[in-house]
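Structure at a glance
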Amino acid sequence: MLMTLAIMILAMWGMSVLLRRQQRKAQAEQERRTEEALVPGNWVRTVGGFYGTVVEVDGDVVTLATPLGDESLWNRRSIAGAEEPPFAVTDSQDDQVPDSTEPDAVPDAADAADAAATAAGQAATDAAEAATAEQENHDR
């Protein structure tokens, strides 16, 4: 019985050693790929989901730029790896957004906000006119 218990403990220890080695190898491979990606001009993704292009690497500080040119500083350990952003622009004509001059153009957020503000303003005007008319009827 004692011998069986010792064999089971030894087997569990052996499996944990093998698993730790595999985890270290996988982690080293991931770190190697991340290091290779930290070259100016490459797209990277941070662990927080931020996409940017590498501008400069200075020790543990990585400078990333947005598509608009804004730069931010990140710790090297926060870089998840090299990855193109999901919003990358393609050159194909099929993927282009229609012009606002076309009759079937999709309205953008600014147009929707303007329409909502106009509707709210019209509703407020209608309510004020109704209140004025009711007051005039009440005064007669």
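In what follows, the accompanying structure is described. The shown structure was predicted, so the numbers you read here are calculated from the model rather than taken from an experiment. (Residues numbered from 1 in each chain as written. Predicted model: local features only at pLDDT ≥ 70, side-chain atom pairs only at ≥ 80, totals over all residues. Heavy atoms only, no water.)

Another aspect to go through is the packing of aromatic side chains. In this structure the tally under the stated criterion is 1 aromatic pair. Seen from their ring centres, Phe-50 and Trp-74 are 5.1 Å apart, and the 25° between their planes marks the pair as stacked. On the criterion of sequence distance, the pair formed by Phe-50 in the loop between β1 (43–46) and β2 (51–58) and Trp-74 in strand β4 (residues 71–75) is long-range, its members being 24 residues apart. With relative accessibility at 23%, the residue Phe-50 sits in the partly exposed group. (Phe/Tyr/Trp six-rings, centres within 6.5 Å; stacked < 30°, edge-to-face > 60°. Helix = DSSP H or I, 4+ residues; strand = E, 2+ residues; numbered from the N terminus. Buried < 20%, exposed > 50% of the residue type's maximum accessible area, 1.4 Å probe, protein only.)

The subject of this paragraph is the nonpolar core. Ranked by size, the top nonpolar core spans 7 residues in total: Ala-37, Leu-38, Val-44, Val-54, Val-62, Leu-64 and Ile-79. Apart from the residues within four sequence positions on either side, Ala-37 is in contact with Asn-42, Val-44, Val-54 and Ala-82. (Core = buried A, V, L, I, M, F, W, Y, C linked by side-chain atoms within 4.5 Å. Contact = heavy atoms within 4.5 Å.)

It is worth spelling out the pairing of β4 at this point. As defined by bridge partners, strand β3 (residues 61–65) adjoins β4 across 5 bridges and the pair is classed as antiparallel. Looking across to β4, one finds that Ala-65 is bridged to Glu-71. Hairpin geometry of β3 and β4 is characterised by an intervening segment of 5 residues between the two adjacent antiparallel strands and by a positive phi of about 100° at Gly-69. (Pairing = 2+ DSSP bridges.)

Together, Leu-2, Leu-5 and Ile-9 make up an exposed nonpolar region whose accessible area comes to about 330 Å². Take Ile-9: it is sitting in helix α1 (residues 2–37). (Patch = residues over 30% accessible without salt bridge, like charges linked within 9 Å, V, L, I, M, F, W, Y side chains within 5 Å. Areas by Shrake-Rupley, 256 points an atom, 1.4 Å probe, with all protein chains shown as cover. Salt bridge = Lys/Arg side-chain N within 4 Å of Asp/Glu carboxyl O.)

Next up on the list: α1. Between the first and last C-alpha of α1 there are 53 Å, a value that for 36 residues agrees with the 52 Å anticipated at 1.5 Å per step. Taken residue by residue, α1 has Val-17, Thr-34 and Ala-37 as its buried positions. Where α1 is buried, its residues touch β1, β2 and β5 (79–82). (Expected span 1.5 Å × (residues − 1).)

So, about a negative patch on the surface. A surface patch of negative charge is lined by Glu-56, Asp-58, Asp-70 and Glu-71. Mapped onto the fold, Glu-71 is located in strand β4. For Glu-71, a relative accessible area of 54% translates into the label exposed. (Lys, Arg positive; Asp, Glu negative; His and termini not counted. Charge placed at Lys NZ, Arg CZ, Asp CG, Glu CD.)

If you trace the 5 strands from one edge of the open sheet to the other, you get β4-β3-β2-β1-β5, paired in antiparallel fashion. With partners counted over all chains shown, the strands left at the sheet margins are β4 and β5, one partner each. Adjacent strand axes in the sheet meet at a mean angle of 45° when their direction is disregarded. Here α1 sits on the sheet in contact with β1, β2 and β5, set at roughly 70° to β5. (Axes fitted to C-alpha atoms, helices over the stretch in contact; angles between N-to-C directions.)

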